[in-house]
Structure formats: C-alpha cells, structure tokens
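# Understanding the architecture of this molecule
Listed here are the chains, written in short residue letters.
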Amino acid sequence: MRHRWRVYVEDLLDHIDRTLAARPYFPCVLLVHTDVRRLETEGEQLALRAGWDQLAISRALTEALIDAPVARRSTLASIALDGALAQRRPGPILCSDLALLFEPLLALDPLALLRQWSRSVPVVACWPGAWTGTDLTYAVPEHAHYRLWSATQLCSGCIIRL
C-alpha cells in the first residue's frame, strides 16, 4: 500500500509540474474531491513531498477579518490573502481549508480569487467539491453553500479529480 501511495504522489506531482511548466495563463491547479478530510490529507502530503509552502485560507482570513467591520470584509479578504500569497513567491503554494471563501456574507468568487492569485504565484488548491469534466462544483448539492461553475477558465490539465 505504501509503495502505491508513493507512486500515486509521484504521478500527481509529475502531472502538476508538467502542467505548471507549460505556463498556462492561470497557473492554478485544483485538486478536487468531495471528501474534505481526504482532500486536505492528500494535499498536505503532496506539499510536504514537493516542498511547497502551505496556506490554510480560512485561518488566514479569520485572523485578517476578526476585527473588521462587516461592510469591509469582502475587500479586506482579498487584500489580506493577496499579501499572504505574495510573500510565498515563487511558489507553488498549496492553498487548503478554502471553506471561508464560500461564506455568502463575504460575497467572494473563490474560483476567480484563486485564478487572480495564481497570476502572482502558482497555486495548487484543495477544492472541496466535484469536477464532471465540464462543471466544477463546491460541496454537494445538499450543502447550503453549494455552487456551480460551468466555465472555469483553467487549462484542461489544471483540474485533477483525486
């Protein structure tokens, strides 16, 4: 089992390296799975193996927004994370724990933010949801914050179902 995992990780890292080396317009790779625990565990293992920096997005957002007025939180969220990611150049950086990006009160577009951030530092993100080959979803349809994107603007190799 351990040997299979090592081969799997190496294959994933090779795919991600090739994808980012091709210099897509948005150097943003999404690791997609509905099982959040599995997604976060596998993302962390990949980051450790590859030597990538990691950023727990919800934790960083909480620290940045804890004392912010509600009306300014959307703007401050984007600014805070822009700064946190810029400090980790040249990347790639693993972005995990994305849940707070989907909070309706913040009125953010998580996919647009990840694409935007990837223009300054390559991003590999643990996306809790599903990829059908044409549609990207956040969560499962029964979830209160379920969302669907039909056009991701990411390259064909940039979305990986785990």
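Residues numbered from 1 in each chain as written. Predicted model: local features only at pLDDT ≥ 70, side-chain atom pairs only at ≥ 80, totals over all residues. Heavy atoms only, no water.

Tallying secondary structure elements over the chain gives 5 helices and 7 strands in all. Counting from the amino terminus, the chain carries its helices and strands in the arrangement α-β-α-β-α-α-β-α-β-β-β-β. For 162 residues, the compact-globule estimate of 2.2 N^0.38 gives 15 Å, and the chain sits close to it at 15 Å. For the C-alpha atoms alone, the extent of the chain along its principal axes is close to 50 × 35 × 30 Å. Within the span of the chain, comprising 162 residues, buried residues form 44% of the whole. Within the chain, contacts between residues at least 6 apart in sequence are counted, and of these 73% link residues at least 24 apart. On the chain, roughly 8,700 Å² of surface is accessible, and the fraction owed to carbon and sulfur atoms is 52%. (Helix = DSSP H or I, 4+ residues; strand = E, 2+ residues; numbered from the N terminus. Rg over C-alpha atoms; globule rule 2.2 N^0.38 Å. Buried < 20%, exposed > 50% of the residue type's maximum accessible area, 1.4 Å probe, protein only. Contact = heavy atoms within 4.5 Å. Areas by Shrake-Rupley, 256 points an atom, 1.4 Å probe, with all protein chains shown as cover.)

Scanning the model with the defined rule gives 5 aromatic pairs in all. When the centroid spacing of 4.8 Å and the interplanar angle of 80 degrees are considered together, the rings of Tyr 25 and Phe 26 count as edge-to-face. Looking at Phe 26, the relative accessible area reads 15%, which means it is buried. On the numbers, 5.2 Å between centres and 85 degrees between planes, the contact of Phe 102 with Trp 127 is edge-to-face. With Phe 102 in the loop between β3 (93–96) and α5 (110–118) and Trp 127 in strand β4 (residues 123–131), this pair connects stretches of sequence that are 25 residues apart. Of the residues examined, Phe 102 reaches a relative accessible area of 2% and is grouped as buried. Each member of the aromatic cluster is reached from another via a ring pair, and the members are Phe 102, Trp 127, Tyr 138 and Trp 149. Note that Arg 115 overlies the ring of Phe 26, its terminal NZ or CZ placed 5.6 Å from the centroid. Over the aromatic face of Tyr 25 sits the side chain of Arg 119, whose NZ or CZ is 3.9 Å from the ring centroid. (Phe/Tyr/Trp six-rings, centres within 6.5 Å; stacked < 30°, edge-to-face > 60°. Lys NZ or Arg CZ within 6 Å of the ring centre and 35° of its normal.)

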